[in-house]
Structure formats: C-alpha cells, structure tokens
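Observations on the three-dimensional arrangement
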Amino acid sequence: MNIPSRIFFTLFILCSTFFFAQNQYEITTSTDSTQVKIGSEVIYRIQIKTQDENPKLLFNKKSAFFPFDTINSYPIDTTKIEDFFLFTKKYSLIPFEDGLQYIPSQPLIINGKLFNTDSIPIKVETVKVDTVQKKIYDIKPIIAVKKNNRDIFIKIGIGIGIIIGILLLILVLKYIFKNRKLSLKKKLPPLEQAIEDLKKLESVSLNEQEELKDYYSRLTNIIRKYLEDEVNIPAMESTSKELLVKLKTLNETKKIQLDKEVFKEIEKVFENADLAKFAKALIDSNNAKKDKVIIEKAVVQTHESIPEPDFESLKKQEEHLKKEQLKEKVQRLKMVSIVFASVIAIGLITCFLIFGYYPVKDTLFRYPTKVLKDTKWYTSKYGAPAVQITAPRILIRDKNAAANEQLFSWGDIKDRFYTHLKITTLQEKNEEEIDVETYANEIISEYENLGAVNILIKNELTTINDIKGVKIFGTLDLPKNNEKEKIRCNYITFFSAFESHNINITIIYATEDRYGKDIENRILQSLKLFNIK
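Below you will find a few notes about this structure. (Residues numbered from 1 in each chain as written. Predicted model: local features only at pLDDT ≥ 70, side-chain atom pairs only at ≥ 80, totals over all residues. Heavy atoms only, no water.)

1. Notes on the sheet that holds strand β12 (residues 120-125)
Strand pairing in a sheet relies on backbone hydrogen bonds. The paired strands run either parallel or antiparallel. Inclusion rule: For two strands to count as paired, DSSP must find a minimum of two bridges between them. Numbered from the N terminus, helices here are DSSP runs of H or I no shorter than four residues, and strands are runs of E no shorter than two. To get an axis, fit a line to the C-alpha atoms, keeping to the stretch in contact for a helix; angles then go from 0 to 180 degrees between the N-to-C directions.
Reading across from one edge, β3-β12-β9 is the order of the three strands in this open sheet, with mixed pairing throughout. With one partner strand each, in any of the chains shown, β3 (35-37) and β9 (99-103) form the two edges of the open sheet. Adjacent strand axes in the sheet meet at a mean angle of 35°, parallel and antiparallel pairs treated alike. Alignment of β9 against β12, held across five bridges, turns out to be antiparallel. Counted as the bridge partner of G99 is V124 from β12.

Structural data, given as structure tokens:
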C-alpha cells in the first residue's frame, strides 16, 4: 500500500462521517486511535451536528461492541459552534482479542428516526512478554473475601424508614381527626351536651360490677363537665365532697337555685357513685337509672335557675371562647408541623441512605464546588492556536496581558476554585526537550509572588488527550476570601509546547474540598488543541 493510500485509509478510520442533508443531521463516528495494544482503552465517539437546539436523542443502552467490552458510557456533551449544536456521546472500550477487529455499527434514534453508524476497524496488537529478564511467578491462590451486604442493608433501611414514616403519618392524622371530633363536640351548648351524654347511658348494661363502676364514673363526669362549662367552677378537679360544698355555696349565694330535695338527691347520687367506684358495692340497676334521672333533673334545674348573664359575664365568656379557639388552632398547627417535619425527616433519611450524607447535605446547603460540579458546563475555544476546554464558567480574557501572551482566567486566585490559561508565543519553534526543573522553578516563583508559602512540588511527564506535556503539581498555603489565615490548597499546572507556542493551564482549589478533584479531572480531560490553520 503506497503512502497516499495509507493516509486516506487512516483518515477514513479516524473519522468516518456520513451526512443526512434532508434531515439536517451530520453524524460522525471516531476513535482516539486505530492501533492499540490488547487490553488498552479505546475512546469511541458518536457526534451529531445539527441546527436543532433540543433534538430527542436515543442511544442504544445495551450497545453491543463485541469483540470490545464496554468500560464506561459517558453522558451526552453539548457544544455550540456558531449556528450549529454538536452533541457528543462517548464510550470507553477495551479489546481482549488481537488482530484486526471492528467496532460494530451502532443504532441511534434522532427525533423518532432510526440511523446507523459506520463500523470502524481497529488493529489490536499483542503485548510481548519478556520471559528472559523478568521472573515468572505462580498464580496466587484465591483469597476468600467477606460478602459486602451494604446494598442489602441500605435497601432494608429504606424500606423500614418508609414503613415507619407511613405509620407515623397514619397515627398523626388519626390523632388530628380524633381531636377534631372532640372539638366539634365541644361546640354544643353545655345543657345540650349533658342531655346527649345522659341519653347514651340508657344503652349501658348494668349486670356486672365493672359495668356499674363505669356507669357511675360517666354519670358524675357529665354533671361535673356541665357545671364547669355552665357555672365556671373547677368541678372536674374536685372530689365529691368538695363539689357538693361548692354547689351549696352557689345555692346560698343565689347564683343557682336548686330545690333542697334535689340537692339531697345529688348527694345521694355521689354517695352511690363512691360506693360503686371505691367500695365495689352492687347497686340495683333500677336505682342506678333513677340516679340518672336525678342528674338530668339537676342539670335542667341548674340551667333554668342561672340568671341572664350581664355584660361583664358575656365579655368573659367571649374571651374564654376566643382562648379556646386559639388553643385549638395552635394545637392543630402543632400537629400539622409535626406531620410536615416527619415527612421531611423521612425524606432526608431516605436520600442519605440512597445518595450518601455529603452529596445530600452539600446540595441542600449549596456547597460552592458542589454547585459548580452540578451546574451547566460550557465548552469554549480560547486564543490562537485555539485551546478548547469544558468548564462550569467561561474564562475571561485579560486585556492587560503582555504582547506575546494570551491570558484567560475564571475567578480570582483567592476564590474557592481558580482556573487560569496562558498561551505564550515564542520567537521560534522550540525543538528542545522541556527543562522540567527550570519550568518548575518558574511556577514556584509565580506562586510566591501571589503570596503562597510552604510549597510542596512534584512533576511528571504525562499525556492528556494525546497532548504530551509536563504536569507540575503539589500543595501550598494560600490566602483565600473570608479566611483569616492561609489555607492548604492543591494546585496543578499542565504545560505543553504546541506550534511555536507554550500552552499553560493552572487549577487551584482547597485541599479539603470534596469536589475539587472531580472538577479538575473533568476540565483537564476536556483539553484539546487546534492548529492556527
């Protein structure tokens, strides 16, 4: 195969594109490499270019990449380029068979229409094993590992939490409705309430002593409640003798007018009640029914003997009614608050069990870098040659940069998360190898000028998205906003030489930041360089 044919073949493999002009879709499939070692990762991309801002895209969730295994399926990334939108779906694949293998055609649905991508050939090479220089050891025996029951306990905890929440909600609602029924009963006038309660006693059986005891308890409570509501005396808290003394006093002061015979009959009823409740005496059912008639007669006579209330009495009754209504309203509000708090608590516990403590807490309290991580990310190109990165904020150009420099930054170095991009134009293309030590010293000097101290530095040669460069990283103490003392920070600076330019991207964030590393990795993994042409 001659050189032009090889070039054509390579271009075809790296980027197989087909157009759908009638539907205004341009679908492109590509891989990061066409020749890999067995067991090495292959990045496979499906890109859709369209003017439709929100197309309905459906990828096959059970994508078959045989003979490649799927390591990861990434979320769809959206980029706006002029008047078009570019939607990218990325898969991480790994081959375990050598030879010429093909990534099979993949189906996808765009706005209800089915399309199929082209297959892509990948040459998979075996890894040579050096059996001379390296020792070969026996396979280690299988080690017994304890079964991880965490997921089972989480599911059981969620189920128990939901059941407890439902039961708690039922009990609270039952209590609310029960109190509501009681409050409706309270709204009846005292006389009508007493007569209604006395009628209910007519159906009570009086064959056993316990039934008789309950009967007299209810009978005496009826007149106690009536006197407390109608005459405003603490009847429910008084003993039988104390209540009779209060009635006698009211009768003598003409506040109520009971016949002497009725008063004596009331004394007899309370005497029978005490005998039934405390002495466990058996009272004839006929006498018990007569006692009910006496109480009813006393209630009616008391009501009729009470003089018409004056203005002050009416005012006190009205104030008392308002207090009772307010008390009932507060009680109802309290129960509603308990229900609401219970539902919130159960919801939080369930979320903690499913998603974890910190993700839920940081989402609720708007942890700054958690907000950055979850917000919409933007893919943009900066400078010339174009440097493309994806970040949660757009980098702003520094207009005061030197003539041979292009500076872009997001935020301030004192912010919680800081990103800085520098593109330096060289006089001529740098053909020499990167002097890591010299470059590291320059980085340290820049940080010291910004007020950093206690700088620990490491370096390594690395490759990001086929971009070779050097990574300077470590920790340092740096003043941050709203902090009295300097705080420990992680920093990383990735440096690469490209087309007579030096590309320099720096990221700084607090060491204790739970989401800083995730944001750093995502930004660096999005790095792409485009030549000036």
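There's more to say after this.
2. So, a nonpolar patch on the surface
Condition: Note that patches include only residues with greater than 30% relative accessible area and no salt bridge, and the join distances are 9 Å for like charges and 5 Å for nonpolar side chains (Val, Leu, Ile, Met, Phe, Trp, Tyr). All accessible areas in this document rest on Shrake-Rupley with a 1.4 Å probe, and a residue is counted as covered only by the protein chains that are shown. Salt-bridge detection follows one rule: a side-chain nitrogen of Lys or Arg within 4 Å of a carboxyl oxygen of Asp or Glu.
The grouping of I162, I163, I166, L167 and I170 at the surface amounts to a nonpolar patch, some 460 Å² of accessible area in total. Inspection of the secondary structure puts I163 in helix α2 (residues 150-186).

3. What about the nonpolar core?
What counts is decided by this rule: For our purposes a nonpolar core is just a set of buried Ala, Val, Leu, Ile, Met, Phe, Trp, Tyr and Cys residues, chained together by side-chain atoms within 4.5 Å. In this scheme, a residue with accessible area under 20% of its type's maximum is buried, one over 50% is exposed, and one in between is partly exposed, where area comes from a 1.4 Å probe on protein chains only.
Residues Y216, L219, L227 and I266 are the most contacted members of the largest nonpolar core, which totals 34 residues. When residues of this core are traced back to their parent elements, those giving at least two are α3 (190-200), α4 (209-230), α5 (240-252), α6 (260-278) and α7 (285-305). Among the elements that take part in this core, α4 stands out by supplying eight residues, more than any other. Listed in part, the 25 residues of the second largest apolar core include W377, L395, F408 and L527.

4. Examining the pattern of salt bridges
Enumeration according to the criterion identifies twelve salt bridges in this entry. Between K37 and E125 there is a salt bridge, with the nearest N and O atoms lying 3.6 Å from each other. Taken together, the residues span a long stretch of sequence, with K37 in strand β3 and E125 in strand β12 at a distance of 88 residues. According to the relative accessible area criterion, E125 is partly exposed, its value standing at 25%. Close ionic contact of D477 with R488 constitutes a salt bridge, the shortest N to O distance being 2.9 Å. Residue D477 is located in strand β19 (residues 467-478), and its partner R488 is located in strand β20 (residues 487-498); the two are separated by eleven residues in the primary sequence. Relative accessible area serves as the criterion here: at 14%, D477 is assigned to the buried category. The partly exposed category is assigned to R488, whose relative accessible area is 28%. Ionic contacts of the salt-bridge type, sharing partners, join the residues E202, K292 and E296 into one network.

5. Side note on α4
Basically, it comes down to this: A helix is expected to span 1.5 Å for every residue after the first. Residue contacts follow a heavy-atom distance rule, with two residues in contact if any of their heavy atoms lie within 4.5 Å.
Here α4 contains 22 residues, and its C-alpha end-to-end distance of 32 Å stays within 8% of the 32 Å for a straight helix at 1.5 Å per residue. Listed in full, the buried residues belonging to α4 are Q209, L212, Y215, Y216, L219, T220, I222, I223, R224, Y226 and L227. The inward-facing, buried residues of α4 abut α3, α5, α6 and α7. After α4 finishes, the residue N232 shows a positive phi value of roughly 65°.

6. Some details on the packing of aromatic side chains
Put simply, the rule is: Aromatic pairing here means that ring centres of Phe, Tyr or Trp (its six-membered ring) are within 6.5 Å. Orientation follows from the plane angle: under 30 degrees is stacked, over 60 is edge-to-face, and everything else is tilted. Charge-over-ring contacts are defined here by two conditions on Lys NZ or Arg CZ: a distance within 6 Å of the ring centre and an angle within 35 degrees of the ring normal.
Considering all chains together, one arrives at ten aromatic pairs under this definition. With a centroid separation of 5.7 Å and an interplanar angle of 70°, the aromatic rings of Y44 and F65 are classed as edge-to-face. Here the residue Y44 occupies a position in strand β4 (residues 42-50), and F65 occupies one in the loop between β5 (57-59) and β6 (68-73), the gap between them amounting to 21 residues. Of the two residues, Y44 and F65, both sit in the buried class. Relative to Y91, the ring of Y44 has its centre 6.3 Å away and its plane inclined at 35°; by these criteria the two rings are tilted. Here Y44 is found in strand β4, whereas its partner Y91 is found in strand β8 (residues 84-95), with 47 residues between them in sequence. This pair shows no difference in class: Y44 is buried, exactly as Y91 is. In this structure an aromatic cluster arises from ring pairing among Y44, F65 and Y91. One Lys or Arg, K49, reaches over the ring of F84 and ends 4.8 Å from the middle of that ring.

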